[in-house]
Amino acid sequence: MIAEAAVDVRPMSWTDLDDVDALERLLFPADGWSLATWWAELAARPRREYVVARVADSVVGYAGIDHGGDTADVMTIGVSPRVGGRGIGRILLGELIGRAVREGADAVLLEVRADNIAAIGLYRGAGFETIQTRRRYYQPGDVDALVMRKLLFPQSDSVTTDKEDR
Ligand SMILES: CC(C)(COP(=O)(O)OP(=O)(O)OC[C@H]1O[C@@H](n2cnc3c(N)ncnc32)[C@H](O)[C@@H]1OP(=O)(O)O)[C@@H](O)C(=O)NCCC(=O)NCCS
């Protein structure tokens, strides 16, 4: 585990894009975003928000969210395997959730390959639940997509459920 204080999370700037592009190619060799896509994503701010995580001045991770009103969507999240399993993914996801709360969203949605054990563990640990399975969504390979959701105000939601039960 890396001490949270050692991880510097800041809004992504165009000056980060070479590092982000290198990490993207490493993490998503088959279907990563091109540098042109990253420029387009940064141009879509403020609806889109991207952050980078740095440790000792090196970019070790990034994440992004789309603010779509009532729901926000996780666009991407990635952490360098050099520092994987040390809590940086959790910090980045927490940052996105915090930003969704600030923008007034009721829920955060994301989509993940059903065989991505690490990512699913990260999302479950943060309170996401599978709400839909899209069969054989990822081709080639026939891999299902899981749509996961985290309600940002679960207490008020459970009160509603209790009322409906009576
Ligand atoms: C998914 C990813 C962002 C996790 O980042 P990370 O910094 O390694 O994650 P953390 O150290 O914060 O771990 C958080 C949780 O993720 C899960 N996790 C992380 N690495 C794992 C692994 N190798 N195996 C199983 N679960 C793992 C665990 O549930 C962990 O919680 P725990 O520490 O209480 O067990 C990272 O593995 C990654 O970049 N993967 C490749 C890109 C990708 O698949 N992105 C998601 C696309 S939907």
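Check the entry above for the structure.
Remember, predicted model here, so these are calculated numbers, not experimental data.

(A) Broad picture of the overall build of the protein chain. The helix and strand inventory of the protein chain stands at five helices and seven strands. Shown N-terminal to C-terminal, the secondary structure of the protein chain runs as helices and strands in the order β-α-α-β-β-β-α-β-α-β-β-α. Its C-alpha atoms give the protein chain a radius of gyration of 17 Å, near enough to 15 Å, the size a compact globule of 166 residues would have. By the burial criterion, 39% of the 166 residues in the protein chain qualify as buried. Long-range pairs, those at least 24 residues apart, make up 57% of the contacts in the protein chain with a sequence separation of at least 6. For the protein chain, the exposed area adds up to about 9,600 Å²; of that, 49% sits on carbon and sulfur atoms.

(B) Seen up close, helix 4 (residues 117–125). Of all the residues in helix 4, the buried ones are Ala 119, Ile 120, Leu 122 and Tyr 123. Buried residues of helix 4, seen end-on, are gathered within an arc of 160° and therefore sit on one face of the element. Opposite the buried face of helix 4, by more than 90 degrees, sit the exposed residues Ile 117, Ala 118, Arg 124 and Gly 125. Elements in contact with the buried residues of helix 4: strand 4 (71–79), helix 3 (88–102), strand 5 (107–113) and strand 7 (143–151). Backbone geometry just after helix 4 places Gly 127 at a positive phi near 100°.

(C) Representation of the packing of aromatic side chains. Taken as a whole and assessed by the stated rule, the structure comprises seven aromatic pairs. Plain terms: the ring middles of Trp 33 and Tyr 50 are 6.2 Å apart, the flat faces sit at 75° to each other, and that makes the pair edge-to-face. You can see Trp 33 sitting in the loop between helix 1 (17–27) and helix 2 (35–43) and its partner Tyr 50 sitting in strand 2 (residues 48–55), a full 17 residues away along the chain. Trp 33 sits in the partly exposed class, given a relative accessible area of 22%. Of the residues examined, Tyr 50 reaches a relative accessible area of 4% and is grouped as buried. Cluster of aromatic residues (ring-pair linked, three or more members): Trp 33, Trp 38, Tyr 50 and Tyr 62. Positioned above the aromatic ring of Tyr 138, the side-chain terminus of Arg 113 is 5.3 Å from the ring centre. Across the ring face of Tyr 137, the terminal group of Arg 134 is positioned such that the distance to the ring centre comes to 5.9 Å.

(D) Spotlight on the pattern of salt bridges. Counting across every chain of the model gives twelve salt bridges. Across the salt bridge formed by Arg 25 and Asp 21, the nearest N and O atoms sit 3.1 Å from each other. Of this pair, Arg 25 and Asp 21 are both found in helix 1, four residues apart, which corresponds to roughly one turn of the helix. Put simply, Arg 136 and Asp 142 hold a salt bridge, and the shortest N to O gap is 3.6 Å. We classify Arg 136 as exposed; its relative accessible area is 54%.

Rules of the game
- Residues numbered from 1 in each chain as written.
- Predicted model: local features only at pLDDT ≥ 70, side-chain atom pairs only at ≥ 80, totals over all residues.
- Heavy atoms only, no water.
- Helix = DSSP H or I, 4+ residues; strand = E, 2+ residues; numbered from the N terminus.
- Rg over C-alpha atoms; globule rule 2.2 N^0.38 Å.
- Buried < 20%, exposed > 50% of the residue type's maximum accessible area, 1.4 Å probe, protein only.
- Contact = heavy atoms within 4.5 Å.
- Areas by Shrake-Rupley, 256 points an atom, 1.4 Å probe, with all protein chains shown as cover.
- Arc of directions from axis to C-beta.
- Phe/Tyr/Trp six-rings, centres within 6.5 Å; stacked < 30°, edge-to-face > 60°.
- Lys NZ or Arg CZ within 6 Å of the ring centre and 35° of its normal.
- Salt bridge = Lys/Arg side-chain N within 4 Å of Asp/Glu carboxyl O.

Read these as geometric descriptors, not functional statements.
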